[in-house]
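Chain by chain, the residues run as shown.
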Amino acid sequence: MDSRPSGLPTQLRRAGFVGIALFILLAPSAGQVFGVKHLLLREWVMYSGVGVGIPRGEFRIWRGDHMVATLSPLEALDLPAYPSVIHYTFAHRVLDDADLPAFAARLCEALADHDGDRVSFEGVVGTRAGWRRAQHGDVCKGDGHQITAAGSQREAEHDR
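Residues numbered from 1 in each chain as written. Predicted model: local features only at pLDDT ≥ 70, side-chain atom pairs only at ≥ 80, totals over all residues. Heavy atoms only, no water.

Engineer: Talk me through the overall build of the chain; I want residue IDs and the actual numbers.
Structural biologist: Summing up its helical and strand segments, the chain has six helices and five strands in all. Along the chain, helices (α) and strands (β) appear in the sequence α-α-β-β-α-α-α-β-β-β-α when read from the amino end. Relative to its full complement of 160 residues, the chain shows a buried share of 27%. At a minimum sequence separation of 6, the contacts of the chain that also span at least 24 residues come to 48%. Only carbon and sulfur atoms are counted for the fraction: they give 58% of the accessible area of the chain, which is about 11000 Å². (Helix = DSSP H or I, 4+ residues; strand = E, 2+ residues; numbered from the N terminus. Buried < 20%, exposed > 50% of the residue type's maximum accessible area, 1.4 Å probe, protein only. Contact = heavy atoms within 4.5 Å. Areas by Shrake-Rupley, 256 points an atom, 1.4 Å probe, with all protein chains shown as cover.)

Engineer: Explain the packing of aromatic side chains to me, and be specific about the residues and the numbers.
Structural biologist: Summed over the entire model, instances satisfying the criterion amount to two aromatic pairs. Both rings, one in Phe59 and one in Phe103, keep their centres 6.0 Å apart while their planes meet at 5°; by these two values the pair is stacked. Linking Phe59 in strand S1 (residues 55–63) with Phe103 in helix H4 (residues 99–103), this pair joins segments that are 44 residues apart in sequence. By relative accessible area, which is 1% here, Phe103 ends up buried. (Phe/Tyr/Trp six-rings, centres within 6.5 Å; stacked < 30°, edge-to-face > 60°.)

Engineer: Tell me what's going on with the nonpolar core, and back it up with residues and numbers.
Structural biologist: Ranked by internal contacts, the top residues of the largest apolar core, which has 18 residues, are Phe59, Phe103, Leu107 and Val119. Contributions of two or more residues to this core are made by S1, helix H3 (73–77), H4 and strand S3 (118–127). The element contributing the most residues to this core is S3, with three residues. Setting aside residues no more than four positions away along its own chain, Val119 makes contact with Phe59, Arg60, Ile61, Leu107, Leu111, Gly137, Asp138, Val139 and Cys140. (Core = buried A, V, L, I, M, F, W, Y, C linked by side-chain atoms within 4.5 Å.)

Engineer: Lay out the state of the cysteines with the relevant residues and their values.
Structural biologist: Where two cysteines share a covalent bond between their sulfur atoms, that bond is called a disulfide. Evaluated as defined, the whole model comprises one disulfide. Cys108 shares a disulfide with Cys140; S-S distance 2.0 Å. When the S-S torsion is -95°, as for the bridge of Cys108 with Cys140, the disulfide is left-handed. With Cys108 in helix H5 (residues 105–109) and Cys140 in the loop between strand S4 (130–138) and strand S5 (143–150), this pair connects stretches of sequence that are 32 residues apart. The partly exposed category is assigned to Cys140, whose relative accessible area is 32%. (Disulfide = S-S within 2.5 Å.)

Engineer: I'd love a proper account of a nonpolar patch on the surface, names of residues and values included.
Structural biologist: Together, Phe17, Val18, Leu22, Leu25 and Leu26 make up an exposed nonpolar region whose accessible area comes to about 530 Å². You can see Leu25 is positioned in helix H1 (residues 8–26). By relative accessible area, Leu25 is classed as exposed at 55%. (Patch = residues over 30% accessible without salt bridge, like charges linked within 9 Å, V, L, I, M, F, W, Y side chains within 5 Å. Salt bridge = Lys/Arg side-chain N within 4 Å of Asp/Glu carboxyl O.)

Engineer: Any details on the environment of Val139? Residues and values, ideally.
Structural biologist: Turning to its location among the elements, Val139 is positioned in the loop between S4 and S5. Apart from the residues lying within four places of it in its own chain, the contact partners of Val139 are Phe59, Leu100, Pro101, Ala104, Cys108, Val119, Ser120 and Phe121.

Note that every value here comes from positions in space, so none of it alone points to a role or purpose.
Here you go:
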């Protein structure tokens with residue numbers, strides 16, 4: 001005699017399992033594909049913090065009115081690449097207006113080595129809402145800066 005359960009209860013369990021599995025797999029697509037927002041229909045969120053606080057652009061070293069050198073943000077930090085850390089964070093992220101001078105502090109300390117007297121920055125900074133344009137006339141003094149609100153995708157393509 002076969003001791004395995006059979007009949008309607010087994011079919012219901014299998015159907016329930018398949019239904020739950022499909023819900024787990026497909027429910028997040030409702031928000032991305034159809035724009036449906038609901039507490040039970042969670043969206044897929046992958047790499048949501050990548051690029052937040054990372055400046056993209058150019059640090060320019062000036063002597064008077066003449067540009068002496070141009071450095072990338074990684075060159076300003078004297079790093080070969082951004083460190084591989086949990087949740088894509090590191091100590092030098094630029095999260096508000098006052099963080100860019102701290103980001104470039106090492107460059108400002110070595111300004112005499114580059115034969116310059118001022119460092120400016122022009123580029124974009126990543127935020128969760130998009131890219132925001134950043135312009136600093138003198139990063140080392142912390143004045144002469146202008147940061148706009150998070151903008152369009154065009155600003156993200158600015159540095160590609």
